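Chain and residue survey
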Amino acid sequence: MNTGIMGEARETVNENNTALKMKSGGLMVYATPAMIALAEQAAYKSVEPYLEEGQGTVGTLMNVKHMAATPVGMEITAKSELTSIEGRKLTFKIEVFDEREKIGEGVHERFIVNNEKFQNKANGK
């Protein structure tokens, strides 16, 4: 795996991913938690083909700015770029757009894990 891997994920703003529905605010606009989840999806799916069998990634840091509101009905596109690899730590540049403008940007970190071992450790709590 090398830096420069690009990812992309899309969704349409609907009542289920609004701030009101997700309890992150009181308005019918695209929720910040939904934006974060879409950005994580873009990142993790972009590197999946480069992992060994049985490996996955888990998000450990998301530092984003949500810069503009988006109404119900607009399409959202999250883009990721793998900018750094340090051992098992992967760092991504994140940008999120609606149909008119950039609505979010930031940095996201993920760690490569052995899926079974990670799940077993979590289940042991």
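Predicted model, so just to flag it, every value in this text is computed and none were measured. (Residues numbered from 1 in each chain as written. Predicted model: local features only at pLDDT ≥ 70, side-chain atom pairs only at ≥ 80, totals over all residues. Heavy atoms only, no water.)

1. Some points on the overall build of the protein
Heads up, the rule is: For the purposes of this entry, the term helix denotes a DSSP run of H or I that reaches at least four residues, the term strand denotes a run of E that reaches at least two, and both are numbered from the N terminus. For every residue, the accessible area obtained with a 1.4 Å probe (protein chains only) is divided by the maximum for its type, and the residue is called buried under 20%, exposed over 50%, and partly exposed between those limits. Two residues form a contact once any of their heavy atoms are found within 4.5 Å. Each accessible area is a Shrake-Rupley estimate made with a 1.4 Å probe; only the visible protein chains count as cover when residues are assessed.
Helix and strand counts for the protein stand at three helices and five strands. Taken from N to C terminus, the helices and strands of the protein fall in the order β-α-α-β-β-β-β-α. Counting only C-alpha atoms and orienting by the principal axes, one finds that the protein spans roughly 40 × 35 × 20 Å. In the protein, which comprises 125 residues, the share counted as buried stands at 36%. Within the protein, contacts between residues separated by at least 24 positions form 62% of all contacts whose residues are at least 6 apart in sequence. For the protein, the computed accessible surface area is about 7,400 Å², with 47% contributed by carbon and sulfur atoms.

2. Quick look at a nonpolar patch on the surface
The condition is simple: Each patch is built from salt-bridge-free residues with over 30% relative accessible area, joining like charges within 9 Å and nonpolar side chains (Val, Leu, Ile, Met, Phe, Trp, Tyr) within 5 Å. Salt bridges are identified by distance alone: a Lys or Arg side-chain nitrogen within 4 Å of an Asp or Glu carboxyl oxygen.
On the surface, a cluster of nonpolar side chains totalling about 270 Å² of accessible area is made up of M1, Y50 and I85. Tracing the backbone shows M1 in the segment before β1 (6–12). For M1, a relative accessible area of 34% corresponds to the partly exposed category.

3. Quick notes on the nonpolar core
Let me state the cut-off plainly: Nonpolar cores are built from buried Ala, Val, Leu, Ile, Met, Phe, Trp, Tyr and Cys residues. Side-chain atoms within 4.5 Å join them into one set.
Formed by 24 residues in total, the largest nonpolar core has its most connected members in Y30, I76, F92, V96 and I103. The set of elements that each furnish at least two residues to this core consists of α2 (32–47), β3 (75–86), β4 (89–97) and β5 (102–114). Discounting chain neighbours no more than four positions away, the residues touching I103 are Y30, M35, K65, H66, M67, A68, T70, I76, V96, F97 and D98.

4. Quick word on the side chain of S80
Selection rule: Polar contact criterion, stated in full: a pair of N or O atoms within 3.5 Å, where within protein one must be able to donate a hydrogen and the other to accept it, and residues adjacent in sequence count only if both atoms are side-chain atoms.
Tracing the chain through its elements places S80 in strand β3. Of the residues examined, S80 reaches a relative accessible area of 1% and is grouped as buried. In terms of polar contacts, S80 uses its side chain to reach the backbone carbonyl oxygen of A42, at 3.3 Å. Once residues lying within four places of it in the same chain are set aside, the contact partners of S80 are I5, M6, G7, A42, A43, S46, F92, K93 and I94.

5. Observations regarding the side chain of H108
Along the chain, the position of H108 falls in strand β5. In terms of polar contacts, H108 uses its side chain to reach the side chain of R110, at 3.0 Å.

6. Digging into the pattern of salt bridges
A full pass over the atoms with the stated rule returns seven salt bridges. The closest approach of N and O atoms between R10 and E75, which form a salt bridge, is 3.1 Å. In this pair, R10 sits in strand β1 while E75 sits in strand β3, placing the two residues 65 residues apart along the sequence. One salt bridge connects R110 with E40, and the closest N-O pair in it is separated by 2.9 Å. Taken together, the residues R110 in strand β5 and E40 in helix α2 connect sequence positions 70 residues apart. Given a relative accessible area of 24%, E40 falls into the partly exposed group.

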